[in-house]
Amino acid sequence: MKEVDARGLSCPEPIMMTAEAIKGTTEPVKVLVSEPHQRTNVEKFAKDKGKKVTVTEKGSEFEIVIES
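Let me sum up the structure you'll find in this document. (Residues numbered from 1 in each chain as written. Predicted model: local features only at pLDDT ≥ 70, side-chain atom pairs only at ≥ 80, totals over all residues. Heavy atoms only, no water.)

1. Some details on the side chain of Glu-63
Turning to its location among the elements, Glu-63 is positioned in strand S4 (residues 61–67). In this view, Glu-63 contacts Lys-30, Val-31, Leu-32, Thr-54, Val-55, Thr-56 and Lys-58; residues no more than four positions away in its chain are not counted. (Helix = DSSP H or I, 4+ residues; strand = E, 2+ residues; numbered from the N terminus. Contact = heavy atoms within 4.5 Å.)

Structure (structure tokens):
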């Protein structure tokens with residue numbers, strides 16, 4: 001599983017990193033973000049691409065798993 005650590009980054013960087021990670025792969029991608037708005041943006045982006053998204057809150061951070 002690929003992992004993208006976008007914690008502490010400003011938009012649109014988490015989305016750009018996510019787009020790069022999911023491009024051309026069928027394996028799940030885990031994206032780590034630290035802000036609720038980043039979680040919302042990455043989740044919406046992945047769903048708009050037709051991906052299945054699972055979000056887990058880990059303390060004050062979020063783990064987003066994106067699958068085909």
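2. Focus on the sheet that holds strand S1 (residues 2–5)
Strand pairs in the sheet, formed through backbone hydrogen bonds, run parallel or antiparallel to each other. What the four strands build is an open sheet, ordered S1-S2-S4-S3; its pairing is mixed. Looking at which strands have only one partner, the edges of the open sheet turn out to be S1 and strand S3 (52–58). Within this sheet the neighbouring strands show an average axis-to-axis angle of 20 degrees, counted without direction. As paired elements, S1 and strand S2 (residues 29–33) share four bridges and run parallel to each other. By the bridge assignment, Asp-5 is partnered in S2 with Leu-32. (Pairing = 2+ DSSP bridges. Axes fitted to C-alpha atoms, helices over the stretch in contact; angles between N-to-C directions.)

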